Amino acid sequence: MKQRVTILGATGSIGQNTLAVMANHPDQFELFAVTANGNVADMITICRRFKPRYAVMADKQAAQRLQQELADLNCEVLGGEEAVIAVAADAQVDTVMAAIVGAAGLLPTMAAVKAGKRVLLANKEALVMSGQLFMDAVAKHGAELLPIDSEHNAIYQCLPLDVQQPLGHADLAAAGIHQILLTGSGGPFRELPIAQLAQQTPAAACNHPNWSMGQKISVDSATMLNKGLEYIEARWLFNCKKDQIQVLVHPQSVIHSMVSYIDGSVIAQLGQPDMRTPIAYGLGYPKRIESGVQALDFLQLGELTFMPAEAARYPCLQLAIDACWEGQWATTSLNAANEIAVAAFLQERIPFTAIAEICDRVLQQLSAVEITTVEALIELDTKARAIARQQVEQVS
Ligand code: NAD
Ligand code: MG
């Protein structure tokens, strides 16, 4: 039986890579639905080539345009967030690739979880902003969660089966695990004099040395808030305690992360910096399928180096680590503030270094609240965004 797949965020970097892997295995996967926000041109190309049953645009006007363009195709075009949610939860779907960027992915990803799907999680912001609620929903509804973020996919591959399943509920120490070692390249500004950070442009921030990714995550990699979000993501996915995660800068991005065991063994996953590898792992699990990525050639490989993340260069990383242990209110607020700040930076309204300042100020202005429902976290997300917008006005 073929796996029926919905791709949320099909026009993005992860979405396109998912389509590329699936295209190599037409006997194993069937494309049920693709979704995007407003990018009609790329959706037309995708639908003509991959012939999904449903094509959904979150933007309803974009959906109308797509419908006219695809009138000759046997593909149902739908519009609006409700339709994105519907194709994530449809009873005919086996697997959902959650690859919308940012908080916009929360409700569709949650819908897939609540429908008990195999959920391939790329959309880290959804987990960061909902944490315990997300993991509880996975357990309650019997969803199968597989991490696609390359670091978490690497860690997953280095874990024993009884920690992999059910994910997020094992006791790491009892499984003989000392620490999760989360690696990150340090982004494009790793060696720049710190005094020059404030003048960096969006184009420079998006020019990642190793990975080709969407704009938002590229900026997050430059501030290393991406590693901070991944730290929070790791905490939830692997049920880590505070002393069980360590961040390491590893500029070559060859080791995608590691697990250190109490007997002195360290298990690492290595590979090319190409998202088709973790995507193929998630699609094929527990089998291995070809991804189109070449194995590493160790004779061509240069040095592998490691260093700590400098606090003065990456203030966003510490903000995220502190928020992780402060509580859900802090991680939801930080994620929201960052989305607003990064969007303002990409529009050249604020300097690069203001991203961390805005995130910090938003956290300062909010106080701890208990979050026990999705409604409460969306309310807090909205409030944090409003404060972040005020801060953007003050800076710009
Ligand atoms: P991208 O910007 O390339 O694509 C984002 C996708 O989300 C697009 O299809 C877009 O149409 C859709 N989208 C955006 N706003 C939307 C909205 N309001 N409603 C519905 N759909 C919306 O992003 P990406 O780089 O593919 O990243 C996607 C997710 O995967 C992010 O959460 C990112 O952190 C994560 N991720 C990406 C990579 C990578 O290599 N690109 C690696 C690890 C994790
Ligand atoms: Mg990553």
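About the criteria used
Residues numbered from 1 in each chain as written. Chains lettered and ligands numbered in written order. Predicted model: local features only at pLDDT ≥ 70, side-chain atom pairs only at ≥ 80, totals over all residues. Near = placed C-beta within 6 Å. Helix = DSSP H or I, 4+ residues; strand = E, 2+ residues; numbered from the N terminus. Nonpolar A, V, L, I, M, F, W, Y, C, P; charged D, E, K, R; others polar. Axes fitted to C-alpha atoms, helices over the stretch in contact; angles between N-to-C directions. Parallel < 35°, antiparallel > 145°, perpendicular 65-115°, else oblique. Left-handed = near helix turned anticlockwise from the far one by under 90°. Contact = placed C-beta atoms within 7 Å. Core = buried A, V, L, I, M, F, W, Y, C linked by C-beta atoms within 7 Å. Buried ≥ 20, exposed ≤ 12 C-beta atoms within 10 Å, placed from the backbone. Pairing = 2+ DSSP bridges. UniProt positions renumbered as here; feature names shortened; annotations may be inferred.

As recorded in an unreviewed UniProt entry, the protein chain goes by the name 1-deoxy-D-xylulose 5-phosphate reductoisomerase, listed as coming from Pseudidiomarina andamanensis.

(A) Molecular detail of the site of ligand 1. Neighbouring ligand 1 are 27 residues; Gly9, Gly12, Ala104, Met213 and Gly214 lie closest to it. Of all the secondary structure elements, the ones that give two or more residues to the shell around ligand 1 are helix H1 (13-23), helix H6 (124-141) and helix H10 (215-223). In terms of residues, the shell around ligand 1 owes the most to one element, H1, which gives three residues. Among the residues making up the shell around ligand 1, the classes are represented as 14 nonpolar, nine polar and four charged.

(B) Summary view of the packing of H1 against helix H12 (residues 276-284). The contact between H1 and H12 brings their axes to 9 Å, and the two run at 60 degrees. Regarding the angle of H1 to H12, the classification is oblique. Along this stretch, H1 crosses H12, giving a crossing that reads as right-handed. In this structure, H1 contributes Asn17, Thr18, Ala20, Val21 and Met22 to the contact, and H12 contributes Arg276, Ile279, Ala280 and Leu283.

(C) View of the nonpolar core. The biggest cluster of nonpolar side chains holds 128 residues, and the ones touching the most others in it are Ala98, Ala320, Ala341 and Cys359. The biggest single contributor to this core is helix H14 (residues 328-346), with 10 residues. Setting aside anything within four residues of it in sequence, one finds Ala341 in contact with Ile350, Ala354, Ile355, Ile358, Cys359, Ala388 and Val392.

(D) Summary view of the sheet that holds strand S6 (residues 118-121). One open sheet holds the seven strands; their spatial order is S4-S3-S2-S1-S5-S6-S7, and the pairing between them is parallel. Both outer strands of the open sheet, strand S4 (76-79) and strand S7 (144-147), are each paired with one neighbouring strand and no more. The sheet shows a mean angle of 20 degrees between the axes of neighbouring strands, taken without regard to direction. The pairing of strand S5 (residues 95-98) with S6 spans four bridges and is parallel. In the strand pairing of S6, Met97 is matched with Leu120. Those strands touched by helix H3 (residues 60-69) are strand S3 (54-57) and S4, and its axis lies near 165 degrees from that of S4.

(E) Highlighting the sheet that holds strand S10 (residues 255-261). Taking strand neighbours across the sheet as the criterion, the four strands line up as S9-S8-S10-S11 in an open arrangement whose pairing is mixed. At either end of the open sheet lies a strand with only one pairing partner, and these are strand S9 (245-249) and strand S11 (266-270). Neighbour to neighbour, the strand axes of the sheet diverge by 20 degrees on average, direction disregarded. Across four bridges, strand S8 (residues 177-184) lies against S10 in antiparallel orientation. In the sheet register, Gln179 faces S10, and the bridge partner there is Ser260. The strands that helix H7 (residues 150-157) touches are S8, S10 and S11; relative to S10, the one it contacts most, it runs at about 40 degrees.

(F) Summary view of the environment of Val247. Here Val247 lies in strand S9. Between the C-alpha atoms of Val247 and Val259, which are 12 residues apart in sequence, the distance is 12 Å. Those residues within four positions of Val247 in sequence are excluded, and the remaining contacts are Leu182, Gly184, Lys227, Tyr231, Ala309 and Leu317.

(G) The arrangement of the UniProt feature "domain: 1-deoxy-D-xylulose 5-phosphate reductoisomerase N-terminal" (unreviewed entry) in the protein chain in detail. If you check UniProt for "domain: 1-deoxy-D-xylulose 5-phosphate reductoisomerase N-terminal" (unreviewed entry), the listed places come out as residues 5-131 in our numbering. Spanning residues 5-131, this segment combines 46% helix with 22% strand, and its end C-alpha atoms are found 25 Å apart.

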